[in-house]
Amino acid sequence: QVQLVESGGGLVQAGESLRLSCAASGSIFRLLVMGWYRQPPGKQRELVGSINSAGNTNYADSVKGRFTISRDNGKNTVYLQMDSLKPEDTAVYYCATNYLANTYWGQGTQVTVSS
């Protein structure tokens, strides 16, 4: 089983930055593909991006060039650096991973970007 805990959300103005963290339990973290998702108000959850065990990343077009995903295997933590934030980035942000045919989600952290 994998437990995920996000932190770092908050209220910022457009153009500012935030860094979200997702701390994971277990010794298998370094092997996991980690994803960041978000759910804007009244909309479906969507993939923001992901990072694999080798540190390779991919991103949704809507955040490419503004968001950066990284990981620190020594701390069992994955990060989402969000720069040049826009009001449309307002959402609850989740980290998630798949392990042994199960999908694990964190509790989510709210990011609100004011114009």
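Residues numbered from 1 in each chain as written. Predicted model: local features only at pLDDT ≥ 70, side-chain atom pairs only at ≥ 80, totals over all residues. Heavy atoms only, no water.

Overview of the sheet that holds strand 8 (residues 77-82)
Next up, step 1: In space, the four strands of this open sheet follow the order 1-3-8-7, with antiparallel pairing throughout. Each edge of the open sheet carries a strand with a single partner, namely strand 1 (4-7) and strand 7 (67-72). When the angles between neighbouring strand axes are averaged without regard to direction, this sheet yields 15°.
Next up, step 2: When strand 3 (residues 18-24) meets strand 8, the two strands line up antiparallel, connected through six bridges. Across the sheet, Ala23 pairs through a bridge with Thr77, a residue of strand 8. (Pairing = 2+ DSSP bridges. Helix = DSSP H or I, 4+ residues; strand = E, 2+ residues; numbered from the N terminus. Axes fitted to C-alpha atoms, helices over the stretch in contact; angles between N-to-C directions.)

Focus on the nonpolar core
Next up, step 1: Counting 27 residues, the largest nonpolar core has Trp36, Leu80, Met82 and Tyr93 as its most contacted members.
Next up, step 2: Mapped by element, the contributors of at least two residues to this core are strand 3, strand 4 (34-39), strand 5 (46-51), strand 7, strand 8, strand 9 (91-99) and strand 11 (109-114).
Next up, step 3: In terms of residue count, strand 3 provides more of this core than any other element does, four residues in total. (Core = buried A, V, L, I, M, F, W, Y, C linked by side-chain atoms within 4.5 Å. Buried < 20%, exposed > 50% of the residue type's maximum accessible area, 1.4 Å probe, protein only.)

Considerations on the environment of Ser25
Next up, step 1: You can see Ser25 is positioned in the loop between strand 3 and strand 4.
Next up, step 2: Along the chain, Ser25 and Val2 lie 23 residues apart, while their C-alpha atoms are 5.7 Å from each other.
Next up, step 3: Look past the residues within four positions of Ser25 in its chain and what remains in contact with it is Gln1, Val2, Gln3 and Asn76.
Next up, step 4: A polar side-chain atom of Ser25 sits 2.8 Å from the main-chain amide nitrogen of Gln3. (Contact = heavy atoms within 4.5 Å. Polar contact = N/O pair within 3.5 Å; in protein donor to acceptor, adjacent residues only side chain to side chain.)

Notes on the pattern of salt bridges
Next up, step 1: Counted under the stated rule, the structure contains four salt bridges.
Next up, step 2: Where Asp89 meets Arg38, a salt bridge forms, and the shortest distance between an N and an O atom there is 2.9 Å. With Asp89 in the loop between strand 8 and strand 9 and Arg38 in strand 4, this pair connects stretches of sequence that are 51 residues apart.
Next up, step 3: Since its relative accessible area comes to 1%, Asp89 is described here as buried.
Next up, step 4: Here Arg66 and Asp89 are joined by a salt bridge, their closest N and O atoms 2.7 Å apart. Here Arg66 is found in the loop between strand 6 (57-59) and strand 7, whereas its partner Asp89 is found in the loop between strand 8 and strand 9, with 23 residues between them in sequence. Asp89 shares its class with Arg66; the two are buried. (Salt bridge = Lys/Arg side-chain N within 4 Å of Asp/Glu carboxyl O.)

Concerning the state of the cysteines
Next up, step 1: One pass over the full model with this rule turns up one disulfide.
Next up, step 2: In this model, Cys22 is linked to Cys95 through a disulfide, with the two sulfur atoms separated by 2.0 Å. An S-S torsion of about 60° defines the bridge between Cys22 and Cys95 as right-handed. Note that Cys22 is positioned in strand 3 and Cys95 in strand 9, a separation of 73 residues in sequence. Just as Cys22 is buried, Cys95 falls in that class too. (Disulfide = S-S within 2.5 Å.)

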